[in-house]
Amino acid sequence: DELFSKVFDENMPSPIKPFLYTLLNDNAKAFLEWEKLSSINLRLGDFASYLNCADEILKMLDKPEFSNESNVDIKDYKQNLYSNIAQNLYDYVPERVEHIAQTTLKNIENTTDIDNLIEYCNKLINGALLSSKYTYALELTHKILSLIPNASLNPESPNFNIYFLLVSLIHVEILFNIGDM
């Protein structure tokens, strides 16, 4: 700690600090530093850096040192982190965040929050279409369509759902782009 106070400003988080704390096997301090960095990055709007920090935090939570914590607390913390990622995933480079995006999707699928899952899938569809990953976008549209219960494409039907219609049109457009229609 004495060396850290001489080299680093106490109030200035740095990605080098958690790396060094990890080398010194002080995972609790490394975790706190990653947490500080992620919070600052999110507030500054640097989502790619936030995702890197979030990924490091998730890796740390899987380490044995954190097994002393309540499994419920760790699960809740992870769920909050995944939810925060999903809420802020609006402008990203799909190739750079693919791993964390997939992990976030899997975790949101494990919840009962269908609206959050649909919203997150929409963001992923947008990224997939921008990066020409049409089969992945198609998979996501399937997921959304299957989550909308008793929806109809017929405007005369009492179960008509305009959102279902729009996602179906996107689905057809994707099929045209990959040559299946």
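Conventions and cut-offs
Residues numbered from 1 in each chain as written. Predicted model: local features only at pLDDT ≥ 70, side-chain atom pairs only at ≥ 80, totals over all residues. Heavy atoms only, no water. 1 Å grid on protein atoms, 1.4 Å probe; cavity = no way out; pocket = protein on both sides within 12 Å on 5 of 7 lines; lining within 4 Å. Points joined across faces, edges and corners; volume = space filled by probe spheres on them. Helix = DSSP H or I, 4+ residues; strand = E, 2+ residues; numbered from the N terminus. Nonpolar A, V, L, I, M, F, W, Y, C, P; charged D, E, K, R; others polar. Phe/Tyr/Trp six-rings, centres within 6.5 Å; stacked < 30°, edge-to-face > 60°. Buried < 20%, exposed > 50% of the residue type's maximum accessible area, 1.4 Å probe, protein only. Salt bridge = Lys/Arg side-chain N within 4 Å of Asp/Glu carboxyl O. Patch = residues over 30% accessible without salt bridge, like charges linked within 9 Å, V, L, I, M, F, W, Y side chains within 5 Å. Areas by Shrake-Rupley, 256 points an atom, 1.4 Å probe, with all protein chains shown as cover. Expected span 1.5 Å × (residues − 1). Arc of directions from axis to C-beta. Contact = heavy atoms within 4.5 Å.

(A) Representation of the layout of surface pockets within the structure. By volume, the largest pocket amounts to about 150 Å³. Taken together, Lys-75, Asp-76, Lys-78, Gln-79, Tyr-82, Asn-107, Asn-110 and Thr-111 make up the full set of residues lining the largest pocket. For the lining of the largest pocket, the leading source of residues is helix 5 (residues 71-88), giving 5 residues. Classifying every residue of the lining of the largest pocket by side-chain character gives 1 nonpolar, 4 polar and 3 charged.

(B) Spotlight on the packing of aromatic side chains. The final tally for this structure, using the stated rule, is 2 aromatic pairs. Ring geometry for Phe-31 and Tyr-77: centres 5.6 Å apart, planes at 55°, overall tilted. Of this pair, Phe-31 sits in helix 3 (residues 27-44) while Tyr-77 sits in helix 5, and the two are 46 residues apart along the sequence. Classification of Phe-31 by relative accessible area gives buried; the value is 11%. Of the residues examined, Tyr-77 reaches a relative accessible area of 26% and is grouped as partly exposed.

(C) Representation of the pattern of salt bridges within the structure. Under the definition given, this model contains 6 salt bridges. Asp-55 is the partner of Lys-59 in a salt bridge, and the nearest nitrogen-oxygen pair spans 3.8 Å. Here Lys-59 pairs with Asp-55, and both are found in helix 4 (residues 47-61), just 4 residues apart, close to one helical turn. Judged by its relative accessible area of 18%, Asp-55 falls in the buried class. A salt bridge links Lys-143 to Glu-109; the nearest nitrogen and oxygen atoms lie 2.5 Å apart. With a gap of 34 residues between them, Lys-143 in helix 8 (residues 134-147) and Glu-109 in helix 6 (residues 98-109) connect regions that are remote in the sequence.

(D) Up close: a nonpolar patch on the surface. Taken together, the side chains of Ile-162, Leu-166 and Leu-169 define a hydrophobic patch exposed on the protein surface, amounting to about 290 Å² of accessible area. Within the fold, Leu-166 resides in helix 9 (residues 162-178).

(E) How the structure looks around helix 6. For helix 6, which comprises 12 residues, the first-to-last C-alpha distance of 16 Å matches the rise-based estimate of 16 Å (1.5 Å per residue) to within 8%. Every buried residue belonging to helix 6 is among Ile-100, Ala-101, Thr-104, Leu-105 and Ile-108, and all of these are buried. Mapping the buried residues of helix 6 onto a view down its axis gives an arc of 140°, with all of them on the same face. For helix 6, the exposed residues set more than 90 degrees away from the buried face come down to His-99 and Lys-106.

(F) Structural context of the environment of Asn-116. Considering the arrangement of structural elements, one finds Asn-116 in helix 7 (residues 114-130). We classify Asn-116 as buried; its relative accessible area is 10%. In this structure the C-alpha to C-alpha distance between Asn-116 and Ser-83, which are 33 residues apart in sequence, comes to 8.3 Å. When sequence neighbours within four positions are dropped, the list of residues in contact with Asn-116 reads Ser-83, Ala-86, Gln-87 and Ile-108.

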